[in-house]
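# Results of the structural survey
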Amino acid sequence: MTKQITDQLISLIESGAMAVGSYLPSERELSNSLKVARNVVRGSYENLMRAGRVQSEGRKGRTVRSSGKKRAGAKSSRSASKARKK
């Protein structure tokens with residue numbers, strides 16, 4: 001079930017039905033509307049985050065990213081900023 005939800009959300013993102021920067025429904029909202037357990041939706045959202053399709057905005061929720069790829073160099077830029085602080 002998690003894979004099915006993930007695949008459907010990817011299709012919505014790729015088709016443009018879910019615009020870049022738009023918020024995904026909360027885990028609770030989506031699980032209630034699909035009548036599935038909340039951990040199924042959470043697993044799907046985690047898959048999307050690992051794939052780089054969505055990003056977490058903390059307590060605000062999760063938003064659709066502009067690219068299907070993870071940001072290259074994100075880790076190295078953090079390392080560079082740490083090096084500059086020393």
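Residues numbered from 1 in each chain as written. Predicted model: local features only at pLDDT ≥ 70, side-chain atom pairs only at ≥ 80, totals over all residues. Heavy atoms only, no water.

## Topic: the packing of helix H1 (residues 2–15) against helix H3 (residues 38–50)
The cut-off we apply is this: For every element, the axis is a line fit to its C-alpha atoms; helices are fit only across the contacting stretch, and the angle between N-to-C directions ranges from 0 to 180 degrees. The helix count covers DSSP runs of H or I at least four residues long, the strand count covers runs of E at least two residues long, and both are numbered beginning at the N terminus. The cut-offs work like this: below 35 degrees is roughly parallel, past 145 is roughly antiparallel, 65 to 115 is roughly perpendicular, and the gaps in between are oblique. Note on convention: near helix rotated counterclockwise from far helix by under a right angle means a left-handed crossing. Clockwise means right-handed. Any two residues having at least one pair of non-hydrogen atoms within 4.5 Å are treated as being in contact. For this classification, Asp, Glu, Lys and Arg are treated as charged, while Ala, Val, Leu, Ile, Met, Phe, Trp, Tyr, Cys and Pro are nonpolar and the rest, including Gly, are polar.
At a minimum axis separation of 8 Å, H1 and H3 run at an interaxial angle of 50 degrees. Accordingly, the angle class assigned to the pair H1 and H3 is oblique. Every pair of crossing elements has a handedness; the one defined by H1 and H3 is right-handed. On the side of H1, the interface is formed by Thr-2, Ile-5, Thr-6, Leu-9 and Ile-10, while H3 contributes Val-40, Gly-43, Ser-44, Tyr-45, Asn-47 and Leu-48. Taken together, the residues of the contact of H1 with H3 sort by class into six nonpolar, five polar and no charged.

## Concerning H1
What counts, and what does not: In this scheme, a helix's expected span is set at 1.5 Å multiplied by one less than its residue total.
Across its 14 residues, H1 extends 20 Å between first and last C-alpha, which sits within 8% of the 20 Å expected from 1.5 Å per residue. Here the buried face of H1 lies against helix H2 (27–34), H3, strand S1 (54–56) and strand S2 (62–64). Of the residues flanking the end of H1, it is Gly-16, one or two places downstream, whose phi is positive at about 90 degrees.

## Details of the pattern of salt bridges
How we decide: Any carboxyl oxygen of Asp or Glu within 4 Å of a side-chain nitrogen of Lys or Arg constitutes a salt bridge here. Here's how the labels work: a residue is buried when its accessible area is under 20% of the maximum for its type, exposed when over 50%, partly exposed in between, all with a 1.4 Å probe on protein chains only.
Counting across every chain of the model gives five salt bridges. In this structure, Glu-14 and Arg-53 form a salt bridge, with 3.1 Å as the shortest nitrogen-oxygen distance. Placement of the pair is Glu-14 in helix H1 and Arg-53 in the loop between H3 and S1, with a sequence separation of 39 residues. In this structure Glu-14 comes out as exposed when scored by relative accessible area, which is 56%. Given the relative accessible area of 19%, Arg-53 is considered buried. Arg-38 serves as the salt-bridge partner of Glu-27, at 3.4 Å between the closest nitrogen and oxygen. Of this pair, Glu-27 sits in helix H2 while Arg-38 sits in helix H3, placing them 11 residues apart in sequence. The exposure class of Arg-38 is partly exposed, given its relative accessible area of 36%.

## Some points on the nonpolar core
Rule in force here: For this analysis, a nonpolar core means a set of buried residues of the types Ala, Val, Leu, Ile, Met, Phe, Trp, Tyr and Cys, connected via side-chain atoms within 4.5 Å.
Core analysis: the largest hydrophobic core is formed by 14 residues, its most contacted members being Ile-5, Leu-9, Met-18, Leu-24, Tyr-45 and Leu-48. Every element with two or more residues in this core is listed here: H1 and H3.

Read these as spatial facts, not as claims about activity.
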